[in-house]
Amino acid sequence: VFLDRLCIAQHDPKLKEQGIMGLAAFLDISKELTILWSPRYFTRLWCSYELATYLRYQDRVRPVSLMPTSMAILIFLMGVVGA
């Protein structure tokens, strides 16, 4: 599981750049991409970059799942309560 906001340093510009530069390698070996979608998703260049990087090879078909952020919170809470 890779959550960009948690896995890429946000506090240090140099570390953040290194994390972004490594993102393509991580996405290349990923079997599926789940997008926690909100209406602002495609207004952020970072998000568009992730999706374009994941889909850049036309010879590979890999699944992309969209999950509205409101639904993600509900599923998370159900998992916490059910655990």
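Chains are numbered independently. Their residues run from 1 in the order of the written sequence. Per-residue local features of the predicted model are confined to residues with pLDDT of at least 70, and side-chain atom pairs are confined, for both listing and counting, to 80 or more; whole-chain, interface and lining totals are unaffected and use all residues. Excluded from the side-chain calculations are hydrogens and water; all other atoms, namely the structure's heavy atoms, are used.

A. Summary view of the environment of R56. Take R56: it is sitting in the loop between α3 (45–54) and β2 (64–68). Among the residues examined, R56 registers a relative accessible area of 38% and is labelled partly exposed. Between the C-alpha atom of R56 and that of V81, which follows or precedes it by 25 residues, the distance is 39 Å. Contacts between residues were defined by any pair of non-hydrogen atoms, one from each residue, lying within 4.5 Å. Not counting the four nearest positions on each side in its chain, R56 is found in contact with A24 and D28. Where helices and strands are cited, they refer to DSSP runs of H or I of at least four residues and of E of at least two residues respectively, numbered from the N terminus. Throughout this description, buried means an accessible area under 20% of the type-specific maximum (1.4 Å probe, protein chains only), exposed means over 50%, and partly exposed covers the range between.

B. Spotlight on the pairing of β2. Strand pairing is assigned whenever DSSP detects at least two bridges linking the two strands. The sheet contact formed by strand β1 (residues 33–37) and β2 spans five bridges and is parallel. From the neighbouring strand, W37 faces β2, where its bridge partner is P68. The crossover handedness rule: strands pointing away from the viewer, path from first strand over the helix to second strand clockwise, crossover right-handed. Handedness of the crossover is the feature at issue here: the chain leaves β1, passes through α3, returns alongside β2, and the resulting connection is right-handed.

C. Representation of the packing of helix α2 (residues 13–29) against α3 within the structure. Interhelical geometry of α2 versus α3 gives an angle of 30° and a closest axis separation of 8 Å. With respect to α3, the axis of α2 lies roughly parallel. In this structure, α2 crosses over α3, and the sense of that crossing is right-handed. Together, K16, I20, L23, A24 and L27 of α2 and W46, Y49, E50, T53 and Y54 of α3 make up the contact between the two elements. Think of each axis as a best-fit line through the C-alpha atoms, taken over the contacting stretch in the case of a helix, with angles from 0 to 180 degrees between the N-to-C directions. Note that the term roughly parallel is reserved for angles under 35 degrees, roughly antiparallel for angles over 145, roughly perpendicular for angles of 65 to 115, and oblique for everything else. Crossing handedness is defined as follows: a turn of the near helix away from the far one that is anticlockwise and smaller than a right angle gives a left-handed crossing, while the clockwise case is right-handed.

D. The pattern of salt bridges, seen in detail. When a carboxyl oxygen of Asp or Glu is within 4 Å of a side-chain nitrogen of Lys or Arg, the pair counts as a salt bridge. For the structure on display, the rule yields one salt bridge. Its salt-bridge partner being R56, residue D28 comes within 2.6 Å of it at the nearest N-O pair. Remark: R56 occurs in the loop between α3 and β2 and D28 occurs in helix α2; sequence separation between them is 28 residues.

E. Quick peek at the side chain of S38. Structurally, S38 is set in the loop between β1 and α3. Its relative accessible area of 15% is what places S38 among the buried residues. Aside from chain neighbours lying at most four places away, what touches S38 is R44 and T69.

F. Structural context of the side chain of S30. Inspection of the secondary structure puts S30 in the loop between α2 and β1. You can call S30 buried: its relative accessible area is 14%. As used in this structure description, the phrase polar contact means that two N or O atoms lie within 3.5 Å; if the pair is within protein, one of them must be able to donate a hydrogen and the other to accept it, and residues adjacent in sequence are counted only when both atoms belong to side chains. From its side chain, S30 meets the backbone oxygen of F26 in a polar contact 2.8 Å long. Apart from residues no more than four positions distant in its own chain, S30 is found in contact with Y54 and R62.

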